[in-house]
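Structural description and commentary
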Amino acid sequence: MKIAVMGYGTVGSGVVEVFLKNHDSIIKRCGQPELDLKYILDIRDFPDDPNADKFVKDFNVILNDDEVKIVVETMGGLHPAFEFVSSCLKAGKSVVSSNKELVATKGYELLSLAEQNNVNFLFEASVGGGVPIIRPITQCLAANEIDEIAGILNGTTNFILTKMIEESMSFDDALKLAQDNGYAEKDPTADIEGFDACRKICILASLCFGKHVYPDEIHTEGITKITLADVEYVNSYNAVIKLLGRACRVSDSQICAMVSPCIVKSFSQLGNVHDVFNAILVRGDAIGDVVFYGKGAGKLPTASAVVADVIDCAKHANRKKIFGWGDSEPGYIYDYLQMENALYIRASAQDKALALEKAAEQFGEITVLYRRNAPHDEFAFVTDTDKEGVLREKLAKLDMITPLSIIRVTDY
Ligand code: HSE
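Source: prediction; values computed, not measured.

**Structural notes on the site of the ligand**
Lining the immediate surroundings of the ligand are Lys100, Asn154, Gly155, Thr156, Asp191, Asp196, Lys200, Gly296 and Ala297. A distance of 2.5 Å separates an oxygen atom of the ligand from a polar atom in the side chain of Lys100. Burial of the ligand by the surrounding chains reaches 83%, relative to a free accessible area of 260 Å². Of the residues belonging to the shell around the ligand, the class tally is 1 nonpolar, 4 polar and 4 charged.

**With respect to the state of the cysteines**
Under the criterion given, the structure shown has 0 disulfides. Left without a disulfide partner, Cys248 is nearest to the cysteine sulfur of Cys256, which lies 5.3 Å away.

**Topic: the domain arrangement of the chain**
Many authors give the size of an interface as the accessible area that is lost as the parts come together. In terms of domain boundaries, the chain breaks down into domain 1 (2–128 + 300–315), domain 2 (134–296) and domain 3 (339–409). Taking only C-alpha atoms, the centre of domain 1 and the centre of domain 2 are 27 Å apart. On the side of domain 2, 18 residues touch domain 1, which itself brings 18 residues to the contact. Summed over both sides, the interface of domain 1 with domain 2 buries roughly 1,400 Å², with 61% coming from carbon and sulfur. Contact with domain 2 buries area across many residues of domain 1, yet Ala104, Val127 and Gly128 alone supply 37% of it, more than any other trio. Inspection of the domain 1/domain 2 interface yields 4 salt bridges. In this structure, Arg135 and Asp309 form a salt bridge, with 2.5 Å as the shortest nitrogen-oxygen distance. Contributing elements (two or more residues each) for the side of domain 1 that touches domain 2: α5 (100–116) and α12 (299–315). Tallying contributions element by element places α5 first for the side of domain 1 that touches domain 2, with 8 residues. When grouped by side-chain class, the residues that make up the side of domain 1 that touches domain 2 number 8 nonpolar, 4 polar and 6 charged.

Basis of the calculations
Residues numbered from 1 in each chain as written. Predicted model: local features only at pLDDT ≥ 70, side-chain atom pairs only at ≥ 80, totals over all residues. Heavy atoms only, no water. Near = heavy atom within 4 Å. Polar contact = N/O pair within 3.5 Å; in protein donor to acceptor, adjacent residues only side chain to side chain. Areas by Shrake-Rupley, 256 points an atom, 1.4 Å probe, with all protein chains shown as cover. Nonpolar A, V, L, I, M, F, W, Y, C, P; charged D, E, K, R; others polar. Disulfide = S-S within 2.5 Å. Domains from an automatic or database assignment. Contact = heavy atoms within 4.5 Å. Buried area = accessible area lost by both parts, 1.4 Å probe. Salt bridge = Lys/Arg side-chain N within 4 Å of Asp/Glu carboxyl O. Helix = DSSP H or I, 4+ residues; strand = E, 2+ residues; numbered from the N terminus.

Structure below.
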């Protein structure tokens, strides 16, 4: 049996490296007499690469070679990845992908194609990089009804927030450091605006709750509005700010999902996740809370997950694994403003004492937070838990207050 790798960037070259380095043990684990790398597809030239003889530029060479039974897609982006992956599945080849944009946007279509052609479409590396999460949800936790899933799904933003929290670094300086360290892209929009985390929570929500959740259905906020003032107030609450992707079951026919900065207690399982690490908390009705933690990005950690999927495809060479989800339905995604959480509110008012008094009248119980050297007209507090829409309506009634920052407070 032969495999091909499409896309020789960071992840693709890591896949080739891990596959060749551990080839002997991989063969033993996949139960095939042979499993060899036959092609690497890339439009660029790699004349000095040790695998230079395997490079092709024409996708049809892979598509039309019946020996190639497993194709790895590490190209990234939607096009032509979608067309290439669809063609491979239709041609009876299993596909392994690390491409979260592809899975989040086209997962249902590709899983259906895999089903129709009795092959597998696997994507462990698309969420959490090297952290095992897709297979644990579908296999180890299969006895549970999953009620909720929440995760630090983006390493770059977790690195930036960690620097802001631990070293009082400004957002701009922390972003620059993330870029200098090679974590953030030159254009960091997908990370800092939450789009990357959104794709990942869509994949997890689709898997946990059984219907495709599309990225444009999900309320998404990034971390660009978080300031050191917020970090300091939240610190006085023994808590930290994390960018979380969250999804929960509302009823048998509805779920809620969103991406936003959230406040979590410093010593909670998610509060303790620093730097570029990812962590995903799954709340099941039998297991309770279980947390998966590890490196969510990087060449070899991501390759580790991709190659494990290749082994799984080889093991299931003549069988389709029961794996996937159904299509979405109108009304499936519940309005996030109906979800319950407390809110952290930083605001300004000319008469701070009166403003806090009015806030307490409006919200009931509030917890006032502190920071050093706050401007005389600035204050921050945490409300009680209620539907977010209700809390925002109450805030709008406090016309003597100018809100500066609002962050959700969670119980993770
Ligand atoms: N940019 C992503 C991150 C890479 O920082 O987590 C892995 O998906």
